[in-house]
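Single-letter residue listing:
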Amino acid sequence: SSVLQIGFLGGLTTSVKGLDILLKALAKYDENFVLHIGGDGQLKESYKQMAIEFNIIHKCKFYGAIPLH
């Protein structure tokens, strides 16, 4: 079966972008997926911790800051 590829790119300095909501939703998603997360900020570690708690950390790839040039 195919693996759904999902991308998120944004600053991880505020929860306004909704990554916490996306992580919660994907925790309930039964199909196979990989969430590619680009961006950096003070909330990065808490988002990683959420992914661990939701047992989806193995499906999440954190890339850190992505240069735009």
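Heads up: these notes are all about the structure in this document. (Residues numbered from 1 in each chain as written. Predicted model: local features only at pLDDT ≥ 70, side-chain atom pairs only at ≥ 80, totals over all residues. Heavy atoms only, no water.)

### What to know about unusual backbone geometry
Part 1 of the argument: The backbone of Asn 55 shows a phi angle near 60°, a positive value even though the residue is not glycine.
Part 2 of the argument: Here Asn 55 shows up in the loop between α2 (44-53) and β3 (60-64).
Part 3 of the argument: On the basis of relative accessibility, which here comes to 57%, the residue Asn 55 falls in the exposed class. (Helix = DSSP H or I, 4+ residues; strand = E, 2+ residues; numbered from the N terminus. Buried < 20%, exposed > 50% of the residue type's maximum accessible area, 1.4 Å probe, protein only.)

### A few points about the pattern of salt bridges
Part 1 of the argument: Throughout the structure, instances matching the rule amount to one salt bridge.
Part 2 of the argument: Across the pair Lys 48 and Glu 45 runs a salt bridge whose closest N-O atoms are separated by 3.9 Å. Separated by three residues within a single helix, Lys 48 and Glu 45 lie in helix α2, roughly one turn from each other.
Part 3 of the argument: Of the residues examined, Lys 48 reaches a relative accessible area of 25% and is grouped as partly exposed. (Salt bridge = Lys/Arg side-chain N within 4 Å of Asp/Glu carboxyl O.)

### Section: helix α1 (residues 19-27)
Part 1 of the argument: Residues of α1 that are buried include every one of Leu 19, Asp 20, Leu 23 and Leu 26, and no others. One face of α1 carries all of its buried residues, which in axial projection span an arc of 130°.
Part 2 of the argument: Those residues of α1 that are buried are in contact with β1 (4-9), β2 (33-38), α2 and β3. (Arc of directions from axis to C-beta. Contact = heavy atoms within 4.5 Å.)

### Considering the packing of aromatic side chains
Part 1 of the argument: Inspection of the entire model under this criterion finds one aromatic pair.
Part 2 of the argument: Judged by centre distance (6.1 Å) and plane angle (55°), the ring pair of Tyr 29 and Phe 33 falls under tilted. (Phe/Tyr/Trp six-rings, centres within 6.5 Å; stacked < 30°, edge-to-face > 60°.)

### Observations concerning the side chain of Lys 59
Part 1 of the argument: Within the secondary structure, Lys 59 sits in the loop between α2 and β3.
Part 2 of the argument: Although buried, Lys 59 forms no salt bridge, and the nearest oppositely charged side chain, Asp 30, lies 7.7 Å from it.
Part 3 of the argument: In this structure, Lys 59 is in contact with Glu 31, Asn 32, Phe 33, Val 34 and Leu 35, ignoring residues within four places of it in sequence. (Lys, Arg positive; Asp, Glu negative; His and termini not counted.)

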